[in-house]
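Fold and contact review
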Amino acid sequence: MNKLQLLREDKRKVAIELFEGRCFCCHRPISKIIFQFHHLEYKEGEKKFLKKLYKESIFKHWEYVKKTIYDEPDRFVVVCRYDHSIVSMRTKSAKPEGRITLIRIALVGLLTK
């Protein structure tokens, strides 16, 4: 196994151990999906720091994120790539319209028979 495969396997172990090994949104098992750890909250300056760290080394980035996940698991959820793109697209801006759109999407899903 190369370093990248080991990193992916380590992520998978953390997702199984702390987050039931499935997407928070759609509940598909991570064995069948590409998944990510979604930050529910960033501490001040953390997002910028993580972007810089990722550019420097994905392995150092993962070690930092992994430590943070173990220290504060309530700040994260595991989501599949599809659901992560929807959540991120609608919550990136500080504008409330993005979050309202996300609520509307959920509402349409609930109302559909």
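In the block above lies the structure referred to throughout.
Residues numbered from 1 in each chain as written. Predicted model: local features only at pLDDT ≥ 70, side-chain atom pairs only at ≥ 80, totals over all residues. Heavy atoms only, no water.

**Section: the overall build of the protein chain**
Tallying secondary structure elements over the protein chain gives 5 helices and 2 strands in all. Each helix and strand of the protein chain, placed in order from N terminus to C terminus, yields the pattern α-β-α-α-β-α-α. With 113 residues in all, the protein chain has 30% of them scored as buried. Here the analysis covers contacts within the protein chain between residues at least 6 apart in sequence; of these, 63% occur between residues at least 24 apart. Here the protein chain has roughly 8,500 Å² of accessible surface; of this, 58% comes from carbon and sulfur atoms. Counting 25 positive and 14 negative side-chain charges, the protein chain places the centres of these two groups 8 Å from one another. (Helix = DSSP H or I, 4+ residues; strand = E, 2+ residues; numbered from the N terminus. Buried < 20%, exposed > 50% of the residue type's maximum accessible area, 1.4 Å probe, protein only. Contact = heavy atoms within 4.5 Å. Areas by Shrake-Rupley, 256 points an atom, 1.4 Å probe, with all protein chains shown as cover. Lys, Arg positive; Asp, Glu negative; His and termini not counted. Charge placed at Lys NZ, Arg CZ, Asp CG, Glu CD.)

**A word on helix α2 (residues 46-56)**
Turning to α2, its buried residues are E46, L50 and L53. Around the axis of α2, the buried residues are gathered within 65° of arc, so they sit on the same side. Projecting away from the buried face of α2 at angles above 90 degrees are the exposed residues K48, K51, K52 and K55. The inward-facing, buried residues of α2 abut β1 (35-39) and α3 (58-71). (Arc of directions from axis to C-beta.)

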